[in-house]
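Coordinate inspection notes
Here is how the chains run, residue by residue.
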Amino acid sequence: MSLRRGGLGLRSLVDHSSAAYIASFSTSGSVQTTPHLDKAISHYNSCVADCDTLSITSLKDNSPNQKKLSDSIEALQFNSLISTSSTADRARLLSISSPHASAWISVVPSISLGLHLEPQEFKTAIKWWLGINPSMGLDGDLMACPLCPGNSLDPLGYHCVTCKRGGDVTLRHNLLRNVLFNTFRRAGMSSNLEVGSGWGHESSRTRPADILVTNWDNGISATFDVTVASPLNSSTITEAGMYSGAAARAAELRKHTQNDPKCAELGWKCIPLAVECYGAWGPEALKAFSQVATRLAIRGNTSKSMALTDLFGRLSHSLIRANARAILSRSYSHLVQQVDELCV
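Predicted model only: the values in this text are computed from it and were never measured. (Residues numbered from 1 in each chain as written. Predicted model: local features only at pLDDT ≥ 70, side-chain atom pairs only at ≥ 80, totals over all residues. Heavy atoms only, no water.)

Per the secondary structure count, the protein includes 14 helices and four strands. When the 344 residues of the protein are sorted by exposure, 46% land in the buried category. Residue pairs at least 24 apart in sequence account for 61% of intrachain contacts in the protein once pairs closer than 6 positions are excluded. Summed over all atoms, the accessible surface of the protein reaches about 17,200 Å², with 55% contributed by carbon and sulfur. (Helix = DSSP H or I, 4+ residues; strand = E, 2+ residues; numbered from the N terminus. Buried < 20%, exposed > 50% of the residue type's maximum accessible area, 1.4 Å probe, protein only. Contact = heavy atoms within 4.5 Å. Areas by Shrake-Rupley, 256 points an atom, 1.4 Å probe, with all protein chains shown as cover.)

In structure tokens:
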């Protein structure tokens, strides 16, 4: 499937050959029935929903392009996959098919820019992304988490990417925060890290801002608080299995509840930057990134779309690489490899 439906950009030649033939035939001249065209239309109609079927008459009235035809094939495949999946798998599929979630796959690898994945990280990320069990032990059974014994690892890697032992969750948060902080600076925004610790009373050690940007909008400063949520969490999995980005939106609401009173007293605007572990961003983050991209485009003499592509690529790469490392740190085969290396 295509990236925007959570795939890897690979399509089946068998499934899409009829779409390619029909598109080519219909643009080559007058459309007339032939055995080959009839066969292609019949095959295509068997791969799409009833509302998307074709006929000789419809081709004469309108010549569709291959992109549109292939999209109809994928739509039925994706909807069929959603309808036959478990709640957890539906939540995963809806999250990975969200806008910009798959940006990490399109990032051009660059060691000098830190935009690369080690082979083991890439293989682990792909397996986890596709819902292939990343936590299998040597005997084929799920193993216990080596960092918090008593908790078993699950087939979709939920525990691996949410386990608070070992520092992986904090590392992932800080990586995303630093990418954003550097981006704000490149956009010419006056930014400060970790503002507001100990706000109000000495007994309160909470902070309303990972990043404080002064004069964000009409002279008002904005606090940006990064948070990563999982659509597989028991509190949001039902909604996440029905609506794309449900976990990210719920995380935004939680951040507003926590930080709005503090920000209001300080005259700051609270903007939570919530992202699901698979890469689906909340609506407030998407709106903020659009505003940042506008400033980046002006300063960098580039297009806004290019600035957005670069920003989402960097964020997505940092998120997925951190997740892959969290899974590997709890992987049986990886632990065995580490022991072998120590024994050499």
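For the rest of this paragraph, the subject is the pattern of salt bridges. The tally for this structure, following the rule as stated, stands at 11 salt bridges. With a closest N to O distance of 3.7 Å, Arg-186 and Asp-310 form a salt bridge. One end of the pair, Arg-186, is in helix H9 (residues 168–186); the other, Asp-310, is in helix H13 (residues 304–328), and 124 residues separate them in sequence. On the basis of relative accessibility, which here comes to 41%, the residue Arg-186 falls in the partly exposed class. Residue class for Asp-310 comes out partly exposed when judged on its relative accessible area of 32%. In the salt-bridge network here, residues are joined through shared partners; they are Arg-4, Arg-5, Arg-11, Asp-71 and Glu-74. (Salt bridge = Lys/Arg side-chain N within 4 Å of Asp/Glu carboxyl O.)

With that settled, consider helix H2 (residues 35–45). For H2, every residue scored as buried is listed here: Leu-37, Ala-40, Ile-41 and Tyr-44. Buried positions in H2, seen along its axis, are confined to an arc of 100° and lie on one side of it. Exposed and facing more than 90 degrees away from the buried side of H2 are Pro-35 and Lys-39. For H2, the elements touching its buried residues are helix H1 (13–26), helix H3 (56–61) and helix H4 (66–84). (Arc of directions from axis to C-beta.)

Remark: helix H11 (residues 246–266) packs on helix H12 (residues 283–300), axes separated minimally by 8 Å, with the N-to-C direction vectors making an angle of 85°. By the criterion of interaxial angle, the relationship of H11 to H12 is roughly perpendicular. On the side of H11, the interface is formed by Arg-249, Glu-252 and His-256, while H12 contributes Pro-283, Glu-284 and Ala-285. Tallied by class, residues from the contact of H11 with H12 come to two nonpolar, one polar and three charged. (Axes fitted to C-alpha atoms, helices over the stretch in contact; angles between N-to-C directions. Parallel < 35°, antiparallel > 145°, perpendicular 65-115°, else oblique. Nonpolar A, V, L, I, M, F, W, Y, C, P; charged D, E, K, R; others polar.)

On to the environment of Ala-322. Here Ala-322 lies in helix H13. Judged by relative accessible area, Ala-322 falls into the buried class, the value being 8%. For the pair formed by Ala-322 and Val-161, sequence separation is 161 residues and the distance between their alpha carbons is 8.5 Å. Ala-322 has contacts with Arg-172 and Leu-175, leaving out every residue within four places of it along the chain.

Ranked by size, the top nonpolar core spans 30 residues in total, and within it Leu-180, Trp-216, Phe-224, Leu-273 and Phe-289 carry the most contacts. Put simply, the parts of the chain that give this core at least two residues each are H9, strand S2 (209–217), strand S3 (220–229), strand S4 (268–276), H12 and H13. Once residues lying within four places of it in the same chain are set aside, the contact partners of Phe-289 are Leu-180, Leu-273, Trp-281, Leu-308, Leu-311, Phe-312 and Leu-315. Grouped together as the second largest cluster of nonpolar side chains are 29 residues, Trp-104, Ile-126, Leu-156 and Cys-163 included. (Core = buried A, V, L, I, M, F, W, Y, C linked by side-chain atoms within 4.5 Å.)

With that out of the way, let us pick up the packing of aromatic side chains. By the definition in use, this model includes eight aromatic pairs. A centroid spacing of 5.0 Å and a plane angle of 80° characterise the contact between Trp-216 and Phe-224, whose relative ring orientation is edge-to-face. As far as burial versus exposure is concerned, Trp-216 and Phe-224 are alike and both buried. Seen in terms of ring centroids, Trp-281 and Phe-289 are 5.0 Å apart; in terms of plane orientation they differ by 80°. Their pairing is edge-to-face. Phe-289 sits in the buried class, given a relative accessible area of 1%. An aromatic cluster of at least three residues, connected via ring pairs, comprises Trp-104, Phe-122 and Trp-129. (Phe/Tyr/Trp six-rings, centres within 6.5 Å; stacked < 30°, edge-to-face > 60°.)

To continue, consider the side chain of Ser-70. Mapped onto the secondary structure, Ser-70 falls in helix H4. A relative accessible area of 1% places Ser-70 in the buried class. There is a polar contact of 3.0 Å between the side chain of Ser-70 and the side chain of His-16. Not counting the four nearest positions on each side in its chain, Ser-70 is found in contact with Arg-11, His-16 and Ala-19. (Polar contact = N/O pair within 3.5 Å; in protein donor to acceptor, adjacent residues only side chain to side chain.)

Take the packing of H9 against H13 next. Packed helices, taken two at a time, are described by the angle their axes make and the gap between the axes. Two elements in contact, H9 and H13, have axes separated by 9 Å at closest approach and are oriented at 165°. It follows that H9 is roughly antiparallel to H13 by the angle criterion. Two packed elements cross with a definite hand, and for H9 against H13 that hand is right-handed. Along the contact surface, H9 presents Asp-168, Arg-172, Leu-175, Leu-176, Val-179, Leu-180, Thr-183 and Arg-186, while H13 presents Asp-310, Leu-311, Arg-314, Leu-315, Ser-318, Leu-319, Ala-322, Asn-323 and Ala-326. When grouped by side-chain class, the residues that make up the contact of H9 with H13 number nine nonpolar, three polar and five charged. (Left-handed = near helix turned anticlockwise from the far one by under 90°.)

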